[in-house]
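Results of the structural survey
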Amino acid sequence: MSPRRWSMRTLLPALAVVALAACSPATSEDTGASGTGSAGSGGTVTVLAAASLTEPLTALAEAYEQDHDGVRVALSFGSSTTLAQQIAEGAPVDVYASAGESALDLLPADAAQDGGRATIARNTVEIATPPDNPGGVAGLQDLADRDLDVVLCAETVPCGKAADEVLERAGISPHVVSREVDVKATLTKVTLGEADAAMVYHSDVVSAGSDVTGVEIPDADNVTLTYPLLWFSTDPDVVGFAQYVTGDAGRAALEKAGFLAP
Amino acid sequence: MTPRRPGPTRLALLAPAALAVALVVLPMLGLLARTDWGALGTHLRAPVVWPAIRLSVLTTLVTVALCFVLGTPLAWLLSRARGAVATWLRALMTVPVVLPPVVGGVALLMAFGRRGVVGRPVFEAFGVSLPFTPTAVVLAQLFVSMPFFVLAVEGAMRSVDERYDAVAATLGASPLRIFTRVALPLAGPGILSGAALAWARALGEFGATITFAGNFAGTTQTAPLAVYVALQNDPQAAIALSLAMLLVSLLVLGLLRGRWLR
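Residues numbered from 1 in each chain as written. Chains lettered and ligands numbered in written order. Predicted model: local features only at pLDDT ≥ 70, side-chain atom pairs only at ≥ 80, totals over all residues. Heavy atoms only, no water.

This next bit is on the overall build of chain B. Along the backbone of chain B there are 13 helices and zero strands. N-terminal to C-terminal, the α/β element order of chain B is α-α-α-α-α-α-α-α-α-α-α-α-α. Out of the 262 residues in chain B, the part that is buried amounts to 44%. Residue pairs in contact within chain B that sit at least 24 positions apart in sequence constitute 76% of those at least 6 positions apart. Only carbon and sulfur atoms are counted for the fraction: they give 74% of the accessible area of chain B, which is about 13800 Å². (Helix = DSSP H or I, 4+ residues; strand = E, 2+ residues; numbered from the N terminus. Buried < 20%, exposed > 50% of the residue type's maximum accessible area, 1.4 Å probe, protein only. Contact = heavy atoms within 4.5 Å. Areas by Shrake-Rupley, 256 points an atom, 1.4 Å probe, with all protein chains shown as cover.)

Moving on, we get to the overall build of chain A. A tally of regular secondary structure across chain A gives eight helices and nine strands. For chain A, with 262 residues in total, the buried portion stands at 54%. A total of about 10600 Å² of accessible surface is found on chain A, and carbon and sulfur atoms cover 49% of it.

This paragraph deals with the side chain of Lys189 of chain A. Its place among the elements puts Lys189 of chain A in helix α5 (residues 183-191). No salt bridge is formed by the buried Lys189 of chain A. Its closest oppositely charged neighbour is Glu180 of chain A, at 4.1 Å. Discounting residues that sit within four places of it in the chain, Lys189 of chain A has contacts with Val151, Glu180, Glu194 and Ala195 of chain A together with Phe132, Ile210, Thr211 and Phe212 of chain B. (Lys, Arg positive; Asp, Glu negative; His and termini not counted. Salt bridge = Lys/Arg side-chain N within 4 Å of Asp/Glu carboxyl O.)

It is worth spelling out unusual backbone geometry at this point. With phi around 40 degrees, Asn133 of chain A is a residue other than glycine that occupies positive phi space. The topology assignment puts Asn133 of chain A in the loop between β4 (116-129) and β5 (150-153). Classification of Asn133 of chain A by relative accessible area gives buried; the value is 16%. The phi torsion at Phe132 of chain B lies on the positive side, around 70 degrees, for a residue other than glycine. In this structure, Phe132 of chain B sits in the loop between α6 (119-126) and α7 (134-158). Given the relative accessible area of 4%, Phe132 of chain B is considered buried.

Residues Leu19, Val21, Leu23, Val24, Val25, Leu26, Met28, Leu29, Leu32 and Trp37 of chain B make up a contiguous nonpolar surface patch of about 950 Å² in total accessible area. Its place among the elements puts Val21 of chain B in helix α1 (residues 8-33). (Patch = residues over 30% accessible without salt bridge, like charges linked within 9 Å, V, L, I, M, F, W, Y side chains within 5 Å.)

Let us now look at the UniProt feature "binding site: molybdate" (unreviewed entry) in chain A. All names here are of chain A. Taken from the UniProt record, the annotation "binding site: molybdate" (unreviewed entry) applies to Ser52, Ser80, Val183 and Tyr201. What stands out for the annotated residues spanning 150 residues is how close their C-alpha atoms remain, the widest pair being 13.7 Å apart. Considering the arrangement of structural elements, one finds Ser52 in the loop between β1 (44-50) and α2 (54-67). Judged by relative accessible area, which is 1%, Ser52 ranks as buried. (UniProt positions renumbered as here; feature names shortened; annotations may be inferred.)

So, about the packing of helix α12 (residues 223-233) of chain B against helix α13 (residues 235-256) of chain B. Residue and element names in this part refer to chain B. Two numbers describe how α12 lies on α13: the axes approach to 6 Å, and their chain directions differ by 155 degrees. Viewed along their axes, α12 and α13 adopt a mutual orientation that is roughly antiparallel. When you trace α12 past α13, the crossing you get is left-handed. Listed contacts from α13 to Ala223, Pro224, Ala226, Val227, Ala230, Leu231 and Asn233 of α12 are Pro235, Ala238, Leu241, Ser242 and Met245. In the contact of α12 with α13, the residues fall into 10 nonpolar, two polar and no charged. (Axes fitted to C-alpha atoms, helices over the stretch in contact; angles between N-to-C directions. Parallel < 35°, antiparallel > 145°, perpendicular 65-115°, else oblique. Left-handed = near helix turned anticlockwise from the far one by under 90°. Nonpolar A, V, L, I, M, F, W, Y, C, P; charged D, E, K, R; others polar.)

All right, on to the environment of Arg257 of chain B then. All names here are of chain B. Note on placement: Arg257 falls in the segment after α13. For Arg257, a relative accessible area of 61% corresponds to the exposed category. Each C-alpha atom, one on Arg257 and one on Ser193, is 9.8 Å from the other, the two residues being 64 residues apart in sequence.

A few words on the pattern of salt bridges. Taken as a whole and assessed by the stated rule, the structure comprises 17 salt bridges over all chains. A salt bridge links Glu155 of chain A to Arg179 of chain A, with the shortest nitrogen-to-oxygen separation between them at 3.7 Å. With Glu155 of chain A in the loop between β5 and α4 (158-170) and Arg179 of chain A in strand β6 (residues 176-180), the pair connects residues that are 24 residues apart, well separated along the chain. Residue Glu155 of chain A is classed as partly exposed on the basis of its relative accessible area of 43%. Residue Arg179 of chain A is classed as buried on the basis of its relative accessible area, which comes to 8%. Of the charged contacts, one joins Glu205 of chain B and Arg201 of chain B as a salt bridge, the two residues approaching to 3.4 Å between their closest N and O atoms. Here the salt bridges do not stand alone but share partners, grouping Glu55, Lys184 and Asp204 of chain A into one network.

Turning next to the pairing of β4 of chain A. All names here are of chain A. The element β4 is largely enclosed, with a buried count of 10 among its 14 residues. Here β4 runs beside strand β9 (residues 224-231); their pairing, made up of eight bridges, is antiparallel. Residue pairing for β9: Thr124 is matched across the bridge by Thr224. Bridge analysis of β4 against strand β7 (residues 197-201) gives four bridges, and the strand direction is antiparallel. Note that in β7 the partner of Val125 across the bridge is Tyr201. One ladder, built from four bridges, connects β4 with strand β8 (residues 213-216); its direction is antiparallel. (Pairing = 2+ DSSP bridges.)

Disulfides are covalent bonds that link the sulfur atoms of two cysteine residues. Residue and element names in this part refer to chain A. Going through the model one piece at a time under the given rule, you end up with one disulfide over all chains. Disulfide pairing is shown between Cys153 and Cys159; the S-S distance is 1.9 Å. Residues Cys153 and Cys159 share a disulfide whose torsion about the S-S bond is about -105 degrees; that sign makes it left-handed. Accessibility classification places Cys153 together with Cys159 in one group, the buried group. (Disulfide = S-S within 2.5 Å.)

What follows concerns the nonpolar core. Among soluble globular proteins, nonpolar side chains are generally buried collectively. In terms of nonpolar packing, the biggest core is built from 75 residues, with Leu53, Leu143, Met199, Tyr227 and Phe241 of chain A touching the most fellow members. Phe241 of chain A has contacts with Val45, Val47, Leu60, Ala61, Tyr64, Val73 and Val95 of chain A, leaving out every residue within four places of it along the chain. Formed by 31 residues, the second largest nonpolar core is a distinct cluster that contains Ile178, Phe179, Ile191 and Met245 of chain B. (Core = buried A, V, L, I, M, F, W, Y, C linked by side-chain atoms within 4.5 Å.)

Residue and element names in this part refer to chain B. Between helix α3 (residues 49-80) and α7, the shortest axis-to-axis distance is 6 Å and the interhelical angle comes to 40 degrees. In terms of orientation, α3 and α7 fall into the oblique class. In terms of crossing hand, the pair formed by α3 and α7 is right-handed. Per-class residue counts for the contact of α3 with α7 are 19 nonpolar, eight polar and three charged.

Right, dumping it as structure tokens:
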């Protein structure tokens, strides 16, 4: 055998193992943060938050870490539903922020009894299109055009439920080509230009900047979600970060990211 | 020889070995333990299950057929090729095995998406776009499973003695005839196990599929995607579907027994 001739007997099973192991699903940030410990373990605050909060909470966590020496804020973003499920299954968490209240049903009833709860923001649904708006979407009614490829969030996650509610109330059934696992995945299909329109949150359109064009939905047809923030312990770092997010700094960051005041 | 008592060396090996077994076996037992056996039939009839299984079966069969049609000639050429080009080609064909599937999905979007290198001219000329179609599911599966097929078949064809080629050639057989009458039959078992490996990999495909093909029941939501989404609102349906896939995996392994488990 020449040296560059790979032995199939050794290579293939090894490769098979590598590849089959690599095909397990992961949430957008994976669960890397959850392993790092819970309240009181060396000043790490573990935060699980709705994907739509990615930009403001990332900024807030960085600012908080800079102001508080030795405190680390570990963030993990995903669909509120997936994260609530992970918490219910025992994922380490100190702070949880959900888009809308529906995912809270998945948490144990007494989950936040040692900590607290506050509403940090509100959000509405908005249509996002690629920057050049190839489908010429000007309003909600245009989504009824069967030639448009529309992407929504999965029925199970808050942004999908909200989009379904808006569409149902307007009596529109668009040509939906995909239902993505969270709002950022939904938005990505539009920023990449693969879909003509997606229904996401107003804040996502703001965060995406020039990568998308937003088409607003009038209040009368829209739904508003509130964003509850739950913290699960009395650890000073945890409470400190929760207060930071619910306080003026948090309010400012959330409004800058396109969220409405609670 | 008297039976040896487990000495410290033996124990030192036994502990990690047992842990390795536990790491692999416990999750599967967990799946069985959390299954609601009494209601399994009901859960298997959940609306998410059947379209996903049907799509998975259809797309993976098409994938394996294409692997055979396209991959076998490639494997044959590689098995008889000498020189740098073949070496590089072989390495290139192996990349998807080690590439994270999500990256594969992104790469597929960049190539075949509506704005992709190949996808854009096709979309502009014919108005056809691949993402969000069952064809995209097959492409994603082909990308991840073709290497397994080609490597396995090439290995089998290498072991076909080249003197057979020479003898067939002296008897006047054309290269094509040598391929179909000599190489194919002799590499038959290798082709079968390559097909089984490719099929198993295609069946488990998640990352590239959800990234490139999206997630829509009946169109692009394969069984692994359905498991992931169902876990959010119907965990028992997710478990039932997982169980079905575990069963299929065991079946494939059973068919491969004697080739890989010897």
